[in-house]
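This is what each chain is made of:
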Amino acid sequence: MDMSEKRILIVEDEPSIAEVVSLYMKRAGYQVQIAVDGRQAMTIFERQTPDLVILDLMLPEVDGLALTRWLRDCSDVPIIMVTARREEIDRITGLEMGADDYVVKPFSPQELVSRVRAVIRRLGREQSEAESDRSLSFDGLTIDPRTRVVTVKESEVELTAKEFDVLYLLARHPKQVFTRDQLLERVWGGAEYIDAGTVTVHMRRLREKIEAEPSKPQRLLTVWGVGYKFEP
Ligand code: CA
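In short, a report on the structure. Fair warning: this is a prediction, and the values are worked out from it, not measured in the lab. Along every chain, residues carry numbers that run from 1 in the direction the sequence is written. Local features in a predicted model are, by the rule used here, given only for residues with pLDDT of at least 70; side-chain atom pairs are given and counted only at 80 or more, and totals for whole chains, interfaces and linings are based on all residues. Hydrogens and water molecules were not included; the side-chain quantities draw on all heavy atoms of the structure.

1. A look at the environment of A196
Relative to the helices and strands, A196 is located in the loop between helix 7 (180–188) and helix 8 (197–210). Accessible area is worked out with a 1.4 Å probe on protein chains only. A residue is then buried under 20% of its type maximum, exposed over 50%, and partly exposed in between. A196 gets classed as partly exposed once you look at its relative accessible area, which sits at 29%. With residues up to four places along the chain from it excluded, the contact list for A196 reads R180 and L184. Helix numbers and strand numbers start at the N terminus; a helix is a DSSP run of H or I with at least 4 residues, a strand a run of E with at least 2. Note on contacts: a residue pair qualifies if any of its non-hydrogen atoms lie within 4.5 Å across the two residues.

In structure tokens:
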């Protein structure tokens, strides 16, 4: 994940705090926008969805809790709430309402940067986990990693565990060339007793199962002298 592309919306009505937070976030490599009240935050949010919102609870116009509710209704953007001590009760309510984390005023900007990084990191991990589990579908071919079922023209084909793993790996990265060594590493865990010929054999069997004409493959292509790739 390229951190420099992450956009943070700071919702803070105290200019000095907004300025300091903004400075630290920029230094940490984030793009920053500032809203001085809830209404402005909504406008900015609708125009340019940020990747994370730092939200002061006590705001003029639309207060922080109402804004949190609004944000939660229209997105699952991570929210870090900023509260003052006397707002303890609101703070708890805020977390129940779906803020991802909070800091209490006065806070160290560096601490806030760490919290932001942690939330963004966690989110990236969750996304890549969801991503790694997604089923793929191409014209006449579907691959579902959860059930490990592959269908060709809507009828199910029987693949061995390794055949499935090879196909799924290649299909998840369309057009990307994998060498035999890379496939051995990723699918067989680089086991030493397996030789590169194993990959060739698996590829041939896969073609027999999923290609209309195994000798003229349209999906599982050989890149001569390099390895294999999947054509979507
Ligand atoms: Ca405030």
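2. Some remarks on the coordination of the calcium ion
With water excluded from the atoms, a metal site may look incomplete; its donors are any N, O or S atoms within 2.8 Å, or within 3.2 Å for Na, K and Ca. With distances of 2.1 to 2.4 Å, the protein atoms coordinating the calcium ion are D13 (OD), D56 (OD) and M58 (O). All donor residues of the calcium ion come from one chain, and their arrangement in sequence is D-x42-D-x1-M. We classify D56 as buried; its relative accessible area is 2%. Classification of M58 by relative accessible area gives partly exposed; the value is 39%.

3. Digging into the environment of L52
Assignment of secondary structure puts L52 in strand 3 (residues 52–56). Counting along the chain gives 124 residues from L52 to Q176, while the straight-line C-alpha distance between them is 32 Å.

4. Observations concerning unusual backbone geometry
The omega angle of the peptide bond from K105 to P106 is -5°, so this bond is cis rather than trans. The residue P106 is located in the loop between strand 5 (101–105) and helix 5 (109–132) in this model.

5. Points about the pairing of strand 5
The two faces of the sheet receive side chains in turn, since in a regular strand these alternate between them. Among the five residues in strand 5, four count as buried, and that is most of the element. Pairs of strands are assigned from DSSP output, requiring at least two bridges between the strands. Of the strand pairs in this sheet, strand 4 (residues 79–84) and strand 5 are connected by five bridges, and their pairing is parallel. Bridge assignment links T83 to a residue of strand 5, and that residue is V104.

6. Notes on the side chain of D37
Note that D37 resides in the loop between strand 2 (31–35) and helix 2 (38–47). We call two N or O atoms a polar contact when they sit within 3.5 Å, provided that within protein one can donate a hydrogen and the other can accept it, with sequence-adjacent residues counted only if both atoms are side-chain atoms. Here R39 takes part through its backbone nitrogen, which lies 3.0 Å from a polar atom of the side chain of D37. Beyond its immediate stretch of four places on either side in the chain, D37 contacts V11, P60 and E61.

7. Points about the nonpolar core
What makes a nonpolar core is a set of buried Ala, Val, Leu, Ile, Met, Phe, Trp, Tyr and Cys residues whose side-chain atoms join them at distances within 4.5 Å. Core analysis: the largest hydrophobic core is formed by 28 residues, its most contacted members being I143, V150, L167 and L170. Those elements that provide at least two residues to this core are strand 6 (136–138), strand 7 (141–144), strand 8 (149–152), helix 6 (161–172), helix 7, helix 8 and strand 12 (227–230). With seven residues, the single largest contributor to this core is helix 6. Among all residues touching I143, those that are not within four sequence positions of it are S135, L136, F138, V149, V150, F164, L167, Y168 and A171.

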